[in-house]
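Below, each chain spelled out in residue letters.
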Amino acid sequence: MPLALLALAVGAFGIGTTEFVMMGLLPDVADDLNISIPSAGHLVSAYALGVVIGAPLLAAVTARMSRRTVLIGLMGLFVVGNALSALAPDNGWLLAARFLSGLPHGAFFGVGAVVATNMVAPERKARSVSLMFLGLTVANVLGVPAATLMGQNLGWRATFLGVSAIGLAAIAALAFLIPRDHEHATAQGLRGELAALRSLPVWLSLGTTVAGFGALFAAYSYITPMLTDAAGYADASVTLLLALFGVGATAGNLLGGRLADHSLRGTLFGGLTSLVAVLALFPLLMRTELTAAVAVILLGMAAFATGSPLQLMVMEKASSAPSLASSANQAAFNLANAGGAWIGGLALAAGFGVTSPALAGVALAVLGLAVASLAHAVDRHRAPAAGRERIVASHVPQEAEAVHH
């Protein structure tokens, strides 16, 4: 695997840290800015909104630019957004800075996935994507706890300055490690990239991402009350358990990348099926501390085993212009985050019990399997037609040549 993947992983580590650290800093931010915790929660939504808007928009407007230059520019925007977050004088400015910080998130992963797969042999594409995503999962194990601890001891502004420093390190790594042969612009441009989004298989792949990861976030968004109210953990233990989720996510990400290089669709179906099983067992596993810890690890493994296959599948369905579709898949991840949390909240509000968000996740994972199955059926239906078109195309010149002679 090329060393350049390390540069992408460093950028992903910084992005993953700034995305998730706000959850742990909400009380500190609320106290410092004299706002309520629910109002501070809007800072999480502002970042997610930036991701959803920025992913397709920035990928589209940079379609004819060098991908290497785009990655460096996106990380520069990331540094600016986090530095402004650290300097924000009030909640309004911080909301705007968090939105700005989210803008490059999806496009960085989208364009980065294209660059990563272009640097390796075809049989290692999924593994290359998983190594880039490794920075995101490791951020949940190391980056978020360290950044939260920094914020609690040095002030929340120090956290965002620290994240900005990670972004500067990523810029240096990208400049030195991404090969110069990625300087060239893509031939398709904006029109070609937009054409990729008119494909039904691309939209079915994006739908699988929304449903599959929506299943994860339906449960994970409410994992703290499950661990404390159902499993009996003390509040102080939750941070360690969330780190265990990161460990499971890291293992699942690496395993999914390796398996997907052998069977992309098989890995996707296997991951979604495992997610259904883990979430269905949550009400039982959350009855003791030991089994609850195992459930947290298994949830991370099952969900993130599908990350690389989903990303690669979208890119393959839009193979002529993958950057925009790949970035749109990152927007789909964040829609899954918001939608899954909302659906899990509905189950709680309906009075179905503290573990009911996991069962809502089961329904979403089953929906993901259904959409993936429909995508497979569409592919099988289109394959014979594509084969017939190739046969006709190959025979027409021969027939014309025979007539000519």
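Given the structure is predicted, the values throughout are model-derived calculations rather than measurements. (Residues numbered from 1 in each chain as written. Predicted model: local features only at pLDDT ≥ 70, side-chain atom pairs only at ≥ 80, totals over all residues. Heavy atoms only, no water.)

**Q** I would appreciate a short explanation of the overall build of the protein in the present structure.
**A** Across its full length, the protein holds 15 helices and zero strands. Burial analysis of the protein (405 residues in total) assigns 54% to the buried set. A sequence separation of at least 24 residues applies to 85% of the contacts in the protein between residues at least 6 apart. Summed over all atoms, the accessible surface of the protein reaches about 16,800 Å², with 69% contributed by carbon and sulfur. (Helix = DSSP H or I, 4+ residues; strand = E, 2+ residues; numbered from the N terminus. Buried < 20%, exposed > 50% of the residue type's maximum accessible area, 1.4 Å probe, protein only. Contact = heavy atoms within 4.5 Å. Areas by Shrake-Rupley, 256 points an atom, 1.4 Å probe, with all protein chains shown as cover.)

**Q** For this particular structure, what's the right way to read the packing of helix α5 (residues 125-154) against helix α6 (residues 156-177)?
**A** Two elements in contact, α5 and α6, have axes separated by 6 Å at closest approach and are oriented at 140°. By the angle class used here, α5 and α6 are oblique. Taken as a pair, α5 and α6 cross one another with a handedness that is right-handed. Judged by residue contacts, A147, M150, G151 and L154 of α5 engage W156, A158 and T159 from α6. Classifying every residue of the contact of α5 with α6 gives five nonpolar, two polar and no charged. (Axes fitted to C-alpha atoms, helices over the stretch in contact; angles between N-to-C directions. Parallel < 35°, antiparallel > 145°, perpendicular 65-115°, else oblique. Left-handed = near helix turned anticlockwise from the far one by under 90°. Nonpolar A, V, L, I, M, F, W, Y, C, P; charged D, E, K, R; others polar.)

**Q** Even after reading the chapter, I still don't get the side chain of N329, so can you show me in this structure?
**A** Within the element layout of this structure, N329 appears in helix α14 (residues 322-349). A relative accessible area of 0% means that N329 is categorised as buried. At 3.0 Å, the side chain of N329 forms a polar contact with the side chain of Q311. Excluding its chain neighbours within four sequence positions, the residues that come into contact with N329 are L206, T209, L310, Q311 and V314. (Polar contact = N/O pair within 3.5 Å; in protein donor to acceptor, adjacent residues only side chain to side chain.)

**Q** Would you explain the nonpolar core in this entry?
**A** Proteins that are soluble and globular tend to have nonpolar side chains buried together. Counting residues in hydrophobic clusters, the biggest one holds 48 residues, and the most contacted among them are L216, F282 and M286. Contributions of two or more residues to this core are made by α8 (200-220), α9 (223-230), α10 (238-260), α11 (264-285), α12 (289-304), α13 (307-317), α14 and α15 (356-404). Ignoring anything within four residues of it in the chain, the contact list for M286 reads I223, M226, L227, A230, A231, A292, A295, V296 and T355. Formed by 37 residues, the second largest nonpolar core is a distinct cluster that contains A4, L5, V129 and I178. (Core = buried A, V, L, I, M, F, W, Y, C linked by side-chain atoms within 4.5 Å.)

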